[in-house]
Amino acid sequence: MTATDEAGTVGPSARLLQLFEGHRLTPTQRRIAHSLVRHANEAPFLSSVEVAELAGVSQPSVTRFAVALGYDGYPALRKQLRELGAGEVVAPETPDDAVRNEHQQAVLAEIEHLRHLAELLADPEPIIRAARLLAASRPLPVLGLRAASAQARGFAYFAAKVHPDIRLLDEGGSMLADRLEQATAAGATALLCFALPRYPRELMDALAVARDCGLTVLTVADSAFAPVAKLSDLMLPAAVGTGLVFDTACAPMMLGRVLLQSMCDEIPGAEARLEAIEQSAAARGLFLE
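Residues numbered from 1 in each chain as written. Predicted model: local features only at pLDDT ≥ 70, side-chain atom pairs only at ≥ 80, totals over all residues. Heavy atoms only, no water.

### Quick word on the overall build of the protein
In terms of helices and strands, the protein carries 13 helices and five strands. Projecting the C-alpha coordinates of the protein onto the three principal axes gives extents of approximately 65 × 40 × 40 Å. Within the protein, the proportion of its 289 residues that are buried is 41%. Long-range pairs, those at least 24 residues apart, make up 70% of the contacts in the protein with a sequence separation of at least 6. When the accessible surface of the protein is split by element, carbon and sulfur atoms take 54% of a total near 14,900 Å². (Helix = DSSP H or I, 4+ residues; strand = E, 2+ residues; numbered from the N terminus. Buried < 20%, exposed > 50% of the residue type's maximum accessible area, 1.4 Å probe, protein only. Contact = heavy atoms within 4.5 Å. Areas by Shrake-Rupley, 256 points an atom, 1.4 Å probe, with all protein chains shown as cover.)

Right under this line is the structure:
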């Protein structure tokens, strides 16, 4: 979704957003992109040193940014910005368009990711299959490292209310392989993995250990073609947002909750466990409401 001028022409900021969309950029590179978007009218006339000062990064970072976009260097990128007419003066934005700043653009993009996820969920078979495999695993290890650790932790928190033995694995290191082996020895048959960019090398190592242990690996990732796909038995894709300096993961979180909902239908006594937890919480005055 892009902001337009009154004549329907895409505005300079939106042109830059379109130029940067679809590229996997590092946080530093996104910072540069955001600085250029915020100063779209001046961008085609800035040197790489001036862009670096504007974004608060080093000059080589600006060069690497241009190369990441597919250009030979910053001069080629600046030439493209001029050809796009990013520096031209456009008519004032209409009230409806004026509210679509880069922050709102990121929110709107995230909404699109959720809509796409809803379309994928029109076929319930993958979720039902995954839920059955995960519900039957006792214990159930839930893996998520670095950027994906929050997703794994959130899933594990709620899953523990209905599943009798959830084992959260959200820290790397040499003990991670030990914990996977211990879970297998205790009876685990499946592993749920959350994998988000940038993918840690140790995550791939952990999945290799899980496969060697005989665990069925089910992975929630930002793409069905993510590097973890080759070590996963079932991929459940949910896109992440890249419009801000750091990725946003609303769709992966939502997919995790949908998966958990289906697991509740597969776990015997899940409703009774939830009722017991609520009664205990009420008796202890655990919550304010």
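### Some details on the side chain of Ser137
Here Ser137 lies in the loop between α8 (125-136) and β1 (140-144). Residue classification places Ser137 among the buried positions, given a relative accessible area of 0%. Beyond its immediate chain neighbours, meaning those up to four positions away, Ser137 contacts His163, Ala188, Thr189 and Ala190.

### A closer look at helix α7 (residues 102-120)
With 19 residues, α7 extends 27 Å from end C-alpha to end C-alpha; this agrees with the ideal 27 Å at 1.5 Å per step. Within the span of α7, buried status applies to Glu102, Gln105, Ala106, Glu110 and Leu117. Angular distribution of buried residues about the axis of α7 spans 140 degrees; they occupy a single face of the element. (Expected span 1.5 Å × (residues − 1). Arc of directions from axis to C-beta.)

### Description of the packing of aromatic side chains
Going through the model one piece at a time under the given rule, you end up with two aromatic pairs. Judged by centre distance (4.9 Å) and plane angle (80 degrees), the ring pair of Tyr157 and Phe158 falls under edge-to-face. With a relative accessible area of 48%, Tyr157 lands in the partly exposed category. (Phe/Tyr/Trp six-rings, centres within 6.5 Å; stacked < 30°, edge-to-face > 60°.)

### Quick word on unusual backbone geometry
Here the residue pair Arg138 and Pro139 is connected by a cis peptide bond, since its omega of 0 degrees sits within 30 degrees of zero. Inspection of the secondary structure assignment puts Pro139 in the loop between α8 and β1. Across the junction of Pro197 and Arg198, the peptide omega takes the value -5 degrees, indicating a cis bond. With respect to the element layout, Arg198 can be found in the loop between β3 (190-195) and α11 (201-212). In the Ramachandran plot, Arg146 falls in the positive-phi region, its phi being about 50 degrees despite a non-glycine side chain. With respect to the helices, strands and loops of the structure, Arg146 is situated in the loop between β1 and α9 (149-159).

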